[in-house]
Amino acid sequence: MSERIIMRTGEALVAGGPPGTAAEPEIVIGELDGPVGTALATLTGDQVKGHSRVFAILNTDIQVRPVTLMVSKVTVNNSRYTNILMGTVQAAIANGVLDAVRAGDIPKEKANDLGIICSVWLNPSVATDDNLDHQILFDIHRKAMAQAIHKAMTNTPDIDWLLENQEKITHKYFQMGLDGKI
């Protein structure tokens, strides 16, 4: 039996596609009988207008394991945006979870005992992009979810790397502010 996973956190940024297709999921993962399970149940039952919480599914009626709850970082107030978030991106997140199980990042024997909460970034510009490539959007979000889980389960980056590199890294938007670009 695998060790108990109380709570792990991870995030990943995957970009490189057309404008609006970048993904940056932030996740917590842990045992359903611990703090992650409590948070997951609370979030599921405490829906908030504009920030609906939905399970990651491969398609209607096919929920993935570990159970994964998606929460939008952006206020959802447009039906096209909603359909993209709760369609293309929802399926991508679900596939990313299964990719992480297949890769061994999530122990298969723990698939029914763990829960994931995923804070999802979907650029609002997708709602007005008539040329949106749903396959590229899907692929990027799928890859980002699998990477976020991998980082969570391997505690990446570790504290030694962070301490060694702290002064070498400048947040992108902080630098843009320093450069007068925002």
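It should be noted that the structure appears before, not after, this text.
Report follows, based on the coordinates. Once a new chain begins, its residue numbering starts again from 1 and follows that chain's sequence as written. Per-residue local features are limited, in this predicted model, to residues with pLDDT of at least 70; the limit for side-chain atom pairs, both in listing and counting, is 80 or more; totals at the level of whole chains, interfaces and linings are taken over all residues. Side-chain calculation: all heavy atoms of the structure are included, whereas hydrogens and water are not.

Further remarks concern the environment of Ser52. Runs of H or I in DSSP of at least four residues are treated as helices and runs of E of at least two as strands, each being numbered from the N terminus. Mapped onto the fold, Ser52 is located in the loop between α1 (35-45) and β3 (53-55). In this structure the C-alpha to C-alpha distance between Ser52 and Thr75, which are 23 residues apart in sequence, comes to 9.0 Å. Throughout, a contact is declared for two residues whenever any of their heavy atoms are within 4.5 Å. Apart from the residues lying within four places of it in its own chain, the contact partners of Ser52 are Gln47, Met70, Val71, Ser72 and Met86.

By volume, the largest pocket amounts to about 380 Å³. Every residue lining the largest pocket is counted, 13 residues in all, and those nearest its centre are Leu13, Glu24, His171, Lys172 and Tyr173. Classes in brief: Ala, Val, Leu, Ile, Met, Phe, Trp, Tyr, Cys and Pro nonpolar; Asp, Glu, Lys and Arg charged; the others, Gly included, polar. Broken down by class, the residue content of the lining of the largest pocket amounts to 6 nonpolar, 5 polar and 2 charged. Its boundaries defined by the atoms lining it, the second largest pocket holds a volume of some 160 Å³. If you go around the second largest pocket, the residues you meet are Glu11, Pro157, Trp161, Leu162 and Ile169. Method remark: on a 1 Å grid restricted to protein atoms, a set of points is classed as a cavity if a 1.4 Å probe fits but cannot get out and as a pocket if it is open with protein on both sides within 12 Å along at least five of seven lines; lining residues have an atom within 4 Å of a point. Grid points are joined across faces, edges and corners, and a volume is the space filled by probe spheres set on the points.

Spatial relationships are all this shows, so hold off on functional conclusions.
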